[in-house]
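Analysis of the macromolecular model
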Amino acid sequence: MKKNSLEFQRRPVSRRKFNRLLGQGIAGTAMISSLPLSCAMGEQKSKEASLGVALVGLGAYSTYQLAPALQDTKHCHLAGIVTGTPAKARRWASKYNIPGPNIYDYDSFDDITKNDDIDIVYVVLPNSMHAEFSIRAAQAGKHVICEKPMAISVKECDAIIEACEKASVKLGIGYRLQSEPYTQEVKRLVREKTFGAINFVSADAAYQSRGNPDQWRLNKALSGGGALLNMGVYSIQSAIYSTGENPISVNAQEFSTRPDYFKDTDETITAQFEFPSGAVGQIMTSHNASANRLFASCRNGWFELQPANSYGPLSGRSSEGRIQFEHESQQKLQMDDFARHILEGTPNLAPGSMGKRDMIICEAIYASIAQNGKGIDLSLGDMGIVR
Ligand code: NAD
């Protein structure tokens with residue numbers, strides 16, 4: 001049944017209508033089974049429902065991570081593609097058996113509204129295009145996964161959230177780590193205060209960019225920023241789930257060790273956070289260093305992940321010993337979690353409020369740098385935190 005969209009089309013209530021009901025909050029099995037036509041579907045749902053995903057942008061992440069992961073997902077499957085390159089469309093159609101009507105380019109994209117095979121649009125484009133395509137997807141009545149960083153400004157994040165709310169569709173950010181077991185274990189250690197109060201956290205996310213200097217990641221108009229918006233969001237996320245709190249203030253500094261190459265975007269940034277409990281945190285992110293680590297010192301012990309933010313397998317230790325989980329594709333876990341959020345009403349592990357919160361912090365970091373490291377106050381409360 002999974003990955004057979006024809007089966008869905010033969011059902012008495014269309015998948016589109018079914019998803020619309022779910023999207024409107026009629027998500028629990030109890031409520032669904034109380035609807036006369038949907039009793040049978042309610043029973044089959046947890047075993048069989050699989051939502052169709054259309055990937056927008058067939059670059060490296062879609063090609064090497066998302067499409068392969070979608071071959072193993074249980075609750076969603078690759079149903080469509082959106083690309084500006086006809087040769088890619090042909091290759092993908094043949095490799096993944098994607099029917100012609102489910103292939104769009106950036107101009108015909110809005111016609112996706114008429115396509116019942118597609119329930120979720122996953123935006124995997126350069127950062128400056130996230131807002132436009134997430135909003136168009138929502139307006140087409142599709143649930144949206146928007147890659148990180150959610151957008152290139154808080155204003156754009158607000159526009160995406162508003163469009164999704166207006167269209168009553170779900171919105172998730174491509175924060176794959178929120179679904180993987182090491183990150184969930186860190187959250188558990190923090191929530192249960194296994195090692196007591198957290199005093200200090202340190203989180204680094206960096207890699208050395210050596211490719212084409214004209215790539216979009218180094219072009220501010222397309223990326224919105226350099227290392228901070230690319231890898232820095234992982235350090236920000238690590239600092240937050242290692243304390244269980246949002247920061248109340250940030251000071252930040254920018255460094256350049258290779259100005260000939262990083263002409264338009266930030267290369268290396270460090271920042272220090274203050275948290276409401278009194279904990280402090282520091283992060284480093286760079287496009288010209290290698291780092292992939294999270295460390296937390298607690299009142300009665302410590303824990304760390306290293307690697308902490310790559311595709312895995314991750315690895316962890318604590319003052320009590322090794323932290324170890326079986327490796328599974330993070331992207332598979334992430335997309336299945338989002339599909340279950342739509343189908344079954346399970347928590348949204350990476351909601352729009354989380355992406356927006358991180359963009360508020362990024363803007364505060366840039367503001368601090370512009371003012372020579374001055375502390376910038378943040379009033380985030382619990383915004384975006386999913387415990
Ligand atoms: P990429 O450069 O490999 O692919 C970008 C795609 O966008 C290409 O298919 C390209 O043809 C298309 N595109 C459309 N208009 C473009 C334009 N004007 N300029 C450049 N490309 C254009 O990038 P990627 O690594 O696949 O990253 C895409 C998005 O996914 C980014 O937002 C990135 O932050 C995110 N990403 C997330 C993760 C993660 O772990 N969650 C990992 C990698 C990338």
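One can find the structure itself at the top, above this paragraph.
Residues numbered from 1 in each chain as written. Predicted model: local features only at pLDDT ≥ 70, side-chain atom pairs only at ≥ 80, totals over all residues. Heavy atoms only, no water.

Description of the site of the ligand
What counts is decided by this rule: We call a residue near a molecule or strand as soon as one heavy atom of that residue lies within 4 Å of the molecule or strand. N or O atoms within 3.5 Å of each other form a polar contact, as long as, within protein, one can give a hydrogen and the other can take it, and as long as residues adjacent in sequence are counted only when both atoms are side-chain atoms. Note on areas: these come from Shrake-Rupley sampling with a 1.4 Å probe, and a residue is covered only by the protein chains present in the view. Using protein atoms alone on a 1 Å grid, points that fit a 1.4 Å probe yet trap it form a cavity, whereas open point sets bounded by protein on both sides within 12 Å along at least five of seven lines form a pocket; residues with an atom within 4 Å of a point count as lining. To qualify as sitting in a cavity or pocket, a molecule needs more than half of its atoms within 2 Å of the grid points. Throughout, the ten residues Ala, Val, Leu, Ile, Met, Phe, Trp, Tyr, Cys and Pro are labelled nonpolar, Asp, Glu, Lys and Arg are labelled charged, and all others, Gly among them, are labelled polar. Annotation comment: domain bounds sourced from an automatic or database domain assignment.
Surrounding the ligand, one finds 21 residues, the nearest of these being Ala 60, Asn 127, Lys 148, Arg 176 and Trp 216. Within the backbone of Tyr 61, a nitrogen or oxygen atom sits 3.0 Å from an oxygen atom of the ligand. Within the side chain of Arg 176, a nitrogen or oxygen atom sits 2.6 Å from an oxygen atom of the ligand. Protein chains shield 78% of the accessible area of the ligand, which is 830 Å² for the free molecule. Taking a 2 Å distance to the grid points as the criterion, the majority of the atoms of the ligand fall inside the largest pocket. Within the shell around the ligand, the residues separate by chemical class into 12 nonpolar, four polar and five charged. Of the residues that make up the shell around the ligand, three or more belong to each of domain 1 (15-176) and domain 2 (178-330 + 353-377).

A word on the sheet that holds strand β6 (residues 171-173)
The test is simple: Only strands joined by at least two bridges in the DSSP assignment are considered to pair. Numbering of helices and strands runs from the N terminus, with a helix taken as a DSSP run of H or I at least four residues long and a strand as a DSSP run of E at least two residues long. Throughout, a residue-residue contact means that at least one pair of heavy atoms, one from each residue, lies within 4.5 Å. Lines are fitted to the C-alpha atoms to define the axes, a helix being fitted only along its stretch in contact, and any angle between axes, read from their N-to-C directions, falls within 0 to 180 degrees.
If you walk across this open sheet you meet the six strands as β3-β2-β1-β4-β5-β6, and the pairing is parallel. On the outer flanks of this sheet lie β3 (103-104) and β6, each paired with one strand and no other. Two strands pair when backbone bridges link them, and strand β1 (residues 51-56) and strand β4 (residues 120-123) are joined in this way by four bridges, in the parallel orientation. In the sheet register, Ala 54 faces β4, and the bridge partner there is Val 121. Against the sheet, helix α7 (residues 130-139) contacts β1, β4 and β5 (143-146), and its axis sits at roughly 165° relative to β5.

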